Amino acid sequence: MIEFRGVTKQFPDGTVAVEGVDIVIPPHKTTVLVGSSGSGKTTLLRMINRMVDPTAGQVLIDGTDVATVEPVALRRGIGYVMQNSGLLPHRKVVDNVATVPLLRGTSKREARAHALELLDTVGLDRSLAEKYPAQLSGGQQQRVGVARGLAVDPNILLMDEPFGAVDPIVRAELQQELLRLQEELGKTVVFVTHDIDEAFLLGDQVVIMQQGGRISQAASPVEILANPADDFVADFVGARRGKRALHVTEVDGQRLVVDADGRPAGVLAS
Ligand SMILES: Nc1ncnc2c1ncn2[C@@H]1O[C@H](COP(=O)(O)OP(=O)(O)OP(=O)(O)O)[C@@H](O)[C@H]1O
Ligand SMILES: [Mg+2]
């Protein structure tokens, strides 16, 4: 379990990125941080592995304040998948995946063998192992990024807009892959996005952030839709408009579900 207790981060230039954040992130589930640009998502994520330290409050992992854990030791149990995959351009795919285990003293043979297994795990053909990142498609690069995040066999996987840079079709594929993978691996995933659809698809818990790094609501997608905490949340999730503002209408004896614009979403089954 990861817990934020009264966490504030003010950067040296005076910017308050997050303020007074309390969140409980349950183990073996996916928690999605969602909010518009600058709402403090990346800052929160990076406080988990101490790439950023809070100026007030505490971040605890299984009850231990991360401030008391040496960063290198801490990151041993935490995978980090960056936006735009963050791959090293001059290293082959297999070496990108094996980078961190090699730094930690795993033998080259063992690290490479494990990296090949991880390519299988994320649905990449092993023939790609000897290529360079630039020779891969955007979606393949993102998968390599996920494989690299998994290479330390972490309990916690941090993912910062990992699918932001790919087209909608590939993005949908990667989302399904992550759902499948998570069913298999059961990691504690903390996933950042500014796409509410992605958040509702992937999140067991969805944390909605406002500008200035305040939490508006942290709950399951169903709870958020059923009971938005305030107008900001209702507006952000689109509960009152478009494809989420559904109602039932009867046509030729069939009950159809239509959205706010009258476009059909489906047929009511019972
Ligand atoms: N090193 C820094 N120094 C000063 N201000 C910073 C620093 N890093 C982030 N900020 C500011 O803190 C706020 C939150 O930034 P953060 O990167 O956490 O937002 P975000 O929600 O991840 O945004 P995006 O969706 O654009 O990635 C922003 O106002 C940003 O300008
Ligand atoms: Mg960010």
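Quick caveat, the model's predicted, so the values are computed rather than measured.

Peer 1: Outline the overall build of the protein chain, supporting the account with residue identities and numerical values.
Peer 2: The number of helices and strands found in the protein chain is nine helices and 13 strands. Its C-alpha radius of gyration of 20 Å places the protein chain within 12% of the 18 Å reference for a compact globule of 270 residues. Each principal axis of the C-alpha distribution contributes one length, and for the protein chain these read about 70 × 45 × 30 Å. The buried share of the protein chain, taken over its 270 residues, is 44%. Only carbon and sulfur atoms are counted for the fraction: they give 50% of the accessible area of the protein chain, which is about 13,300 Å². Seen as two clouds, the 28 positive and the 34 negative side-chain charges of the protein chain have centres 7 Å apart.

Peer 1: Kindly report on the UniProt feature "domain: ABC transporter" (unreviewed entry) in the protein chain, identifying the contributing residues and their values.
Peer 2: As recorded in UniProt, the feature "domain: ABC transporter" (unreviewed entry) lies at residues 2-237. As a span, residues 2-237 carries 37% helix and 25% strand, and end to end its C-alpha atoms are 25 Å apart.

Peer 1: Account for the site of ligand 1, naming residues and giving values.
Peer 2: Near ligand 1 there are 14 residues, and of these Ser 37, Gly 38, Lys 41, Thr 42 and Thr 43 occur at the shortest range. A distance of 2.8 Å separates an oxygen atom of ligand 1 from a polar atom in the backbone of Gly 38. At 2.8 Å from an oxygen atom of ligand 1 is found a side-chain nitrogen or oxygen belonging to Thr 42. Protein chains shield 63% of the accessible area of ligand 1, which is 640 Å² for the free molecule. A total of three residues in the shell around ligand 1 trace back to one element, the largest contributor, which is helix α1 (residues 41-48). The residue makeup of the shell around ligand 1, split by class, is two nonpolar, nine polar and three charged.

Peer 1: How would you sum up the pairing of strand β2 (residues 16-25)? Please name residues and give values.
Peer 2: Where strand β1 (residues 2-10) and β2 come together, six bridges link them in antiparallel fashion. Bridge pairing in β2 places Ile 2 opposite Ile 25. Hairpin connection from β1 to β2: five residues lie between these consecutive antiparallel strands, with Gly 14 at a positive phi of about 100°.

Here is what the cut-offs are and how they apply
- Residues numbered from 1 in each chain as written.
- Chains lettered and ligands numbered in written order.
- Predicted model: local features only at pLDDT ≥ 70, side-chain atom pairs only at ≥ 80, totals over all residues.
- Heavy atoms only, no water.
- Helix = DSSP H or I, 4+ residues; strand = E, 2+ residues; numbered from the N terminus.
- Rg over C-alpha atoms; globule rule 2.2 N^0.38 Å.
- Buried < 20%, exposed > 50% of the residue type's maximum accessible area, 1.4 Å probe, protein only.
- Areas by Shrake-Rupley, 256 points an atom, 1.4 Å probe, with all protein chains shown as cover.
- Lys, Arg positive; Asp, Glu negative; His and termini not counted.
- Charge placed at Lys NZ, Arg CZ, Asp CG, Glu CD.
- UniProt positions renumbered as here; feature names shortened; annotations may be inferred.
- Near = heavy atom within 4 Å.
- Polar contact = N/O pair within 3.5 Å; in protein donor to acceptor, adjacent residues only side chain to side chain.
- Nonpolar A, V, L, I, M, F, W, Y, C, P; charged D, E, K, R; others polar.
- Pairing = 2+ DSSP bridges.

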